[in-house]
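# Breakdown of the fold
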Amino acid sequence: IEEPIDPADELMFLCLGGGNEVGRSCHIIQYKGKTIMLDAGQHPAREGLAALPYFDEFDLSTIDILLVSHFHLDHASALPYVLAKTNFRGRVFMTHPTKAIYKWLIQDSVRVQSLSSSSEQRTALYTEADHLSTFSQIEAVDFNTTHTVSSIRFTPYPAGHVLGAAMFLIEIAGLKILFTGDYSREDDRHLVSAEVPRGIKIDVLITESTYGIATHIPRAERETALMKSVTGILNRGGRVLMPVFALGRAQELLLILDDYWSRHAEFQRIPIYYASNLARKCMVVYQTYVSAMNDNIKRLFRERMAEAEQAGDTDRGGPWDFRFVRSLKNLERFDDVGGCVVLASPGMLQSGISRELLERWAPSDRNGVVITGYSVEGTMAKQMSHEPDSIPAIMTNRSAAPVGRRGPGANGEAEKPMIPRRCSVQEFSFAAHVDGQENQSFIEEVAAPVVILVHGEKHNMMRLKSKLLSLNNDKATKTKIFSPANTEELRIPFKVDKTA
Ligand SMILES: [Zn+2]
Ligand SMILES: [Zn+2]
């Protein structure tokens, strides 16, 4: 008979969001009386309170620290709600670049939401004032430095993915936990990629599982295929819509496009637009943090600064001062004639500028939508990847919407006018998440006895789980793999030497 395990020796893990899904990431870790929250995001396919993690399932007043891995809305945009509307009273940490970008992003997302068409039915979760009044509570930390807060130790490591993204190594009473957040390991044009922290024996690994066991095609081939798709659309006289999240991966795509344009004079008369309210602000942030990026961008920085100096133009220069990209604040100033490439947010075509351009351009078979991010279930970007015959018009003025097919009206809801979809749809992954193979080798390298999978649609997560379990066949000590659903509490015993 085994001795009952002292609850004091158990690690408690609870997903309030991001369990068997991508979106509203929020995880609770409890060990030896210490409580940590990891991330506080919203779900991109939901609205209002339904977009939040299950905060009601846990007493937020017991949390000691909240660590935010990166600025993406599925990891950070429930934070103003946590700070302004709940009984949370712990301390909040994120890296310096994350904090700088978070400020503008949240402000922008609150403003965009309040302008969106369905705002009258929508309950605002928090206001701009809530965001600004809670912003100063956030403490910024440096990469690769260890911080101790109420005897919890934590260290942020670079995670790749987007500027400022961190993996957190957490230590509570000798137990070492590594949380990857969203991470990538391939060579990027501007980011330092994630590495396994050296010389540390990790007990628990909490990792994303976005791509399951799927394999990305190699980076160089993927860039070539992307540019072939973009130039193919332009060569047939079409317009290219690239839905992107306002900041982050968009900068990587702009580097690729600007570089290609500089080497192909025949495309230089075709404008590339970056439609973002944040274009100017983000250029300043990205210039500020060049030192936190990889050697490629540092070299580009030196080259561009030297060129600018030679030209006597000291206001310009730097890698984020693109040569062939124009910024576009809104569509009122946009002259929609002839071929062009537009990068516009939001990335999943839920509303806003990207959705408006989609509805405008979808009817012509010359145009093309090029998806480069991960499309979450339930969003228009995911629907587009199935190449539907028509799409609901939500941004187009109803009286101006093309007459014709109408969608089925459900539950007495007003029927939505439908727009035919004849534009091409292609997908290339530049989302900067590890693929199945990269994730598997990282997990093997970390070699933690307990692995908890989060941030993946259920089918992707289950495929990865089976793959990881099959690797156990050759091992003397089997790795435990967990894939908890939201609100499903895990209790994992950790034997502690009790020689007294
Ligand atoms: Zn992310
Ligand atoms: Zn994410």
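Residues numbered from 1 in each chain as written. Chains lettered and ligands numbered in written order. Predicted model: local features only at pLDDT ≥ 70, side-chain atom pairs only at ≥ 80, totals over all residues. Heavy atoms only, no water.

### Comments concerning the coordination of the zinc ion (ligand 2)
Here the zinc ion (ligand 2) is held by the protein donor atoms D74 (OD), H75 (NE2), D182 (OD) and H455 (NE2), which lie 2.2 to 2.3 Å from it. Around the zinc ion (ligand 2) sit 4 donor atoms, and with donor-metal-donor angles ranging over 86 to 163° the site reads as irregular. For the zinc ion (ligand 2), the donor residues sit on a single chain with the sequence spacing D-H-x106-D-x272-H. For the pair the zinc ion (ligand 2) and the zinc ion (ligand 1), the metal-to-metal distance amounts to 3.4 Å, and D182 bridges them. A residue pair is termed long-range when its members are at least 10 positions apart, and H75 in helix α1 (residues 73-76) and H455 in the loop between β20 (450-454) and α12 (458-471) qualify at 380 residues. The two residues H75 and H455 agree in class, both being buried. (Donors = N, O, S within 2.8 Å, 3.2 Å for Na, K, Ca; no water. Tetrahedral: all angles 85-135°; square planar, octahedral: opposite > 155°, others 65-115°. Helix = DSSP H or I, 4+ residues; strand = E, 2+ residues; numbered from the N terminus. Buried < 20%, exposed > 50% of the residue type's maximum accessible area, 1.4 Å probe, protein only.)

### With respect to the environment of E195
Mapping E195 onto the fold places it in the loop between β10 (175-179) and β11 (204-208). Residue classification places E195 among the partly exposed positions, given a relative accessible area of 44%. Excluding its chain neighbours within four sequence positions, the residues that come into contact with E195 are P158, M167, R185 and F442. (Contact = heavy atoms within 4.5 Å.)

### Some remarks on the coordination of the zinc ion (ligand 1)
On the protein side, the zinc ion (ligand 1) has H70 (NE2), H72 (ND1), H161 (NE2) and D182 (OD) as donor atoms, found 2.1 to 2.3 Å from it. Classification of the site at the zinc ion (ligand 1) as irregular follows from its 4 donor atoms and the range of 92 to 167° in their angles at the metal. The sequence pattern describing where the donors of the zinc ion (ligand 1) fall on their chain is H-x1-H-x88-H-x20-D. Accessibility expressed as a relative area gives 11% for H72, which makes it buried.

### Notes on the nonpolar core
M242, W261, V341 and L343 are the most contacted members of the largest nonpolar core, which has 70 residues in total. For this core, the element with the most residues is helix α6 (residues 249-263), which contributes 8 residues. Those residues in contact with V341 that lie beyond four places of it in its chain are V230, L234, V240, M242, L257, W261, P271, I272 and Y273. In terms of nonpolar packing, the next biggest core, distinct from the first, is built from 31 residues, C340, V369, M384 and V425 among them. (Core = buried A, V, L, I, M, F, W, Y, C linked by side-chain atoms within 4.5 Å.)

### Focus: the packing of aromatic side chains
Aromatic ring pairs are reported here in terms of the distance separating the ring centres and the angle at which the planes meet. Under the criterion given, the structure shown has 13 aromatic pairs. Seen in terms of ring centroids, Y211 and Y374 are 5.6 Å apart; in terms of plane orientation they differ by 85°. Their pairing is edge-to-face. Note that Y211 is positioned in the loop between β11 and α5 (219-235) and Y374 in the loop between β16 (368-371) and α10 (380-384), a separation of 163 residues in sequence. With a relative accessible area of 15%, Y374 lands in the buried category. Members of the aromatic cluster, joined through ring pairs, are F93, F154 and F168. Above the plane of the ring of F135 lies K99, whose end atom (NZ or CZ) is 4.9 Å from the centre. Across from the ring centre of W104, 5.6 Å away, lies the NZ or CZ of K103, which sits over that ring. (Phe/Tyr/Trp six-rings, centres within 6.5 Å; stacked < 30°, edge-to-face > 60°. Lys NZ or Arg CZ within 6 Å of the ring centre and 35° of its normal.)

### Details of the pairing of strand β2 (residues 26-31)
Counting buried positions along β2 yields 5 of 6 residues, so the element is predominantly enclosed. Both strand β1 (residues 10-17) and β2 contribute to a ladder of 5 bridges, which runs antiparallel. Within the sheet, the bridge partner assigned to M12 lies in β2 and is Q30. Pairing of β2 with strand β3 (residues 34-38) involves 5 bridges; the strand directions are antiparallel. By the bridge assignment, H27 is partnered in β3 with L38. (Pairing = 2+ DSSP bridges.)

### Some points on helix α4 (residues 128-135)
Of all the positions in α4, only D130, H131, T134 and F135 are classed as buried. Looking down the long axis of α4, one finds its buried residues gathered within 125° of arc, a one-sided arrangement. (Arc of directions from axis to C-beta.)

### With respect to the confidence of the model for the chain
Mean pLDDT over the chain stands at 91; residues scoring 70 or higher make up 92%. Note that pLDDT drops below 50 for residues 398-413; the model gives that stretch 20 contacts with residues more than four away or on any other chain. (pLDDT = per-residue confidence, 0-100.)

### Regarding the state of the cysteines
In total, this model carries 0 disulfides according to the counting rule given. Here C15 is not disulfide-linked; the sulfur of C26 is the nearest cysteine sulfur, at 8.7 Å. On the accessibility criterion, C15 (0% relative accessible area) is buried. For C26, a relative accessible area of 0% puts it in the buried group. (Disulfide = S-S within 2.5 Å.)

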